[in-house]
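# Fold and contact review
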Amino acid sequence: MKANIMYEAGDVRVEDVPKPQLQESTDSVLKVVAACICGSDLHPYRHMHADEQGGGEPMGHEVIGRIEEMGPGVTDFKKGDLVVVPFAYGDNTCPYCQEGLQTSCVNGGFMSGCQAEYVRIPQAQGSMFKLPDEIGDDSPLLPSLLTISDVYGTGYHAAVMGGVNENTTVTVVGDGAVGLLAVLSARKLGAQKIILMGRHQERTDLGVEFGATDVVSERGDEGIAKVLELTNGEGTHVVLECVGLMPAYDMSVGVVRPGGAISRVGAPQYEEAAVGFGSLFRHNITLTGGPAPTRAYMDELLPDILDGTLNPGRVFDVTMGIDDVPEGYRAMNDREALKVLVKP
């Protein structure tokens, strides 16, 4: 089968590799119907070092597929079922999973190898989420359904962890797919004032359609000053940081209101950040967020997609076949594409 493998920064190849096999009784194998490239995939695309043994990393952690094989420990599904899988798999029975924190599952981990024709799903019983039988492989809903694997669920997690409601003002830092869907999520949870910090107009225009009331294109101190100007000098109750880079965190600290919360879902590319007396402690600011347990939100997010109320799949602006995935990485890295849908 064909699969996308990354060897080092900028070196992405589609190669013929063996079709995955069941390794544990709790595994399943899916025939991939839809996958995609994530903004977090761009971190290794920009910075990954070559392995001394010359090996590569199978890429992709978001997938919709049809069940090809199942181990004996996988029940309540049948071959051919169409399922979406969260980017973090888990058994969905451990104490953390039962509390809705599947990203900390004691038997869990993070998906890989989804940018391929077939993929193995560990802990399939607890991870796979069955989609309605009437959804076909060419359904126009597939892009939106794929977003609950990661980017919509992640944007929603940011808003939930930040405590967004009808009484909170919100700043979203980042106009990538997660940031735009954090805007959508904040609107879904009732926020009336949502400031989107982003500088790519075609993206921020979509953010406005998703519910942003203001757009701030400036960065750094200028961006902070603009948000404060829009909020009577107070800042916003909640900041959803959807980038993961230090400048985004610094802006979040600069625009959060005393007593407010910074909710981070951009995978942090730093280990040290301001959390002391002069930054967060002095003003009773909460720092929250983390990798999204998207499996916990799937039942909640699915109905609005099925009935057409929300269309988070609009973040996909390019569709490619498996052979073109390396070009998809380049396009996203060069800001020529927001998010690439992969149809093997």
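A brief look at the structure comes next.

Parameters at a glance
- Residues numbered from 1 in each chain as written.
- Predicted model: local features only at pLDDT ≥ 70, side-chain atom pairs only at ≥ 80, totals over all residues.
- Heavy atoms only, no water.
- Pairing = 2+ DSSP bridges.
- Helix = DSSP H or I, 4+ residues; strand = E, 2+ residues; numbered from the N terminus.
- Axes fitted to C-alpha atoms, helices over the stretch in contact; angles between N-to-C directions.
- Patch = residues over 30% accessible without salt bridge, like charges linked within 9 Å, V, L, I, M, F, W, Y side chains within 5 Å.
- Areas by Shrake-Rupley, 256 points an atom, 1.4 Å probe, with all protein chains shown as cover.
- Salt bridge = Lys/Arg side-chain N within 4 Å of Asp/Glu carboxyl O.
- Buried < 20%, exposed > 50% of the residue type's maximum accessible area, 1.4 Å probe, protein only.
- Phe/Tyr/Trp six-rings, centres within 6.5 Å; stacked < 30°, edge-to-face > 60°.
- Parallel < 35°, antiparallel > 145°, perpendicular 65-115°, else oblique.
- Left-handed = near helix turned anticlockwise from the far one by under 90°.
- Contact = heavy atoms within 4.5 Å.
- Nonpolar A, V, L, I, M, F, W, Y, C, P; charged D, E, K, R; others polar.
- Lys, Arg positive; Asp, Glu negative; His and termini not counted.
- Charge placed at Lys NZ, Arg CZ, Asp CG, Glu CD.
- Core = buried A, V, L, I, M, F, W, Y, C linked by side-chain atoms within 4.5 Å.

## Considering the sheet that holds strand β2 (residues 11–16)
- Read across the open sheet, the 3 strands follow the order β2-β1-β4; overall the sheet is antiparallel. Edge positions in the sheet fall to β2 and β4 (57–58), since each has one partner strand and no second.
- Where strand β1 (residues 2–8) and β4 come together, 2 bridges link them in antiparallel fashion. Within β4, the position partnered with I5 by the bridge is P58.

## Let's talk about the sheet that holds strand β15 (residues 256–264)
- Taken in spatial order, the 6 strands line up as β13-β12-β11-β14-β15-β16 in an open sheet, and their pairing is parallel. Edge positions in the sheet fall to β13 (214–216) and β16 (286–289), since each of these pairs with one other strand and no more. Sheet twist, expressed as the average angle between the axes of neighbouring strands with direction ignored, equals 20°.
- Pairing analysis gives 5 bridges linking strand β14 (residues 236–241) to β15, with the strands arranged parallel. Residue pairing in the sheet places T236 in a bridge with V256 of β15.

## So, a nonpolar patch on the surface
- A contiguous nonpolar patch, built from Y96, L101 and V106 and spanning about 270 Å² of accessible area, is present on the exposed surface.
- Counting through the fold element by element, V106 comes out in the loop between α2 (95–98) and β8 (109–110).
- Residue class for V106 comes out exposed when judged on its relative accessible area of 55%.

## With respect to the packing of aromatic side chains
- Under the counting rule described, the total for this entry stands at 5 aromatic pairs.
- Ring geometry for Y249 and Y270: centres 5.9 Å apart, planes at 50°, overall tilted. You can see Y249 sitting in helix α9 (residues 246–255) and its partner Y270 sitting in the loop between β15 and β16, a full 21 residues away along the chain.
- Residue Y249 is classed as buried on the basis of its relative accessible area, which comes to 0%.
- Arranged with centres 5.7 Å apart and planes meeting at 40°, the rings of F277 and F281 form a pair that is tilted.

## Side note on the pattern of salt bridges
- Summed over the entire model, instances satisfying the criterion amount to 18 salt bridges.
- Between R314 and E209 there is a salt bridge, and its shortest N-O distance comes to 2.8 Å. Of this pair, R314 sits in the loop between α10 (298–306) and β17 (318–320) while E209 sits in helix α7 (residues 201–210); the two residues are 105 residues apart in sequence, bridging distant segments of the chain.
- For E209, a relative accessible area of 53% gives the class exposed.
- Its salt-bridge partner being R330, residue E327 comes within 2.6 Å of it at the nearest N-O pair. Of this pair, E327 and R330 both sit in helix α11 (residues 325–333), 3 residues apart, which is roughly one turn of that helix.
- R330 sits in the partly exposed class, given a relative accessible area of 27%.
- Three or more residues are tied together by salt bridges with common partners; here these are E327, R330, D334 and E336.

## Focus: the packing of helix α5 (residues 151–162) against α10
- Closest axis-to-axis distance for the α5/α10 pair is 11 Å, and the angle between their directions is 120°. Taken as axis vectors, α5 and α10 run oblique relative to one another. Viewed along their axes, α5 and α10 form a crossing whose handedness is right-handed. Contact with α5, carried on its side by Y152, G153 and Y156, involves E300, L301 and I305 of α10 and no other residues of that element.
- When its residues are assigned to classes, the contact of α5 with α10 shows 4 nonpolar, 1 polar and 1 charged.

## What about a positive patch on the surface?
- Taken together, the side chains of R46, R199, R219 and R335 make up a positively charged region of the molecular surface.
- With respect to the helices and strands, the residue R199 is situated in the loop between β12 (193–197) and α7.

## Regarding the nonpolar core
- I64, V170, V172 and L240 are the most contacted members of the largest nonpolar core, which has 49 residues in total.
- Ranked by residues supplied to this core, first place goes to helix α6 (residues 177–188) with 8 residues.
- Excluding anything up to four places from it in sequence, I64 contacts K31, V32, V33, A34, L82, V83, V84, L131, L142, L145 and L146.
- Within the second largest apolar cluster, 32 residues are counted, among which are M6, L30, M111 and V325.

## Overview of the packing of α6 against α7
- Between α6 and α7, the shortest axis-to-axis distance is 8 Å and the interhelical angle comes to 15°. Taken together, α6 and α7 sit at an angle that is classed as roughly parallel. The hand of the α6/α7 crossing is right-handed. From α6, L180, L181, V183, L184 and R187 reach across to α7, where they touch R203, L206, G207 and F210.
- Looking at the contact of α6 with α7, its residues break down into 6 nonpolar, 1 polar and 2 charged.

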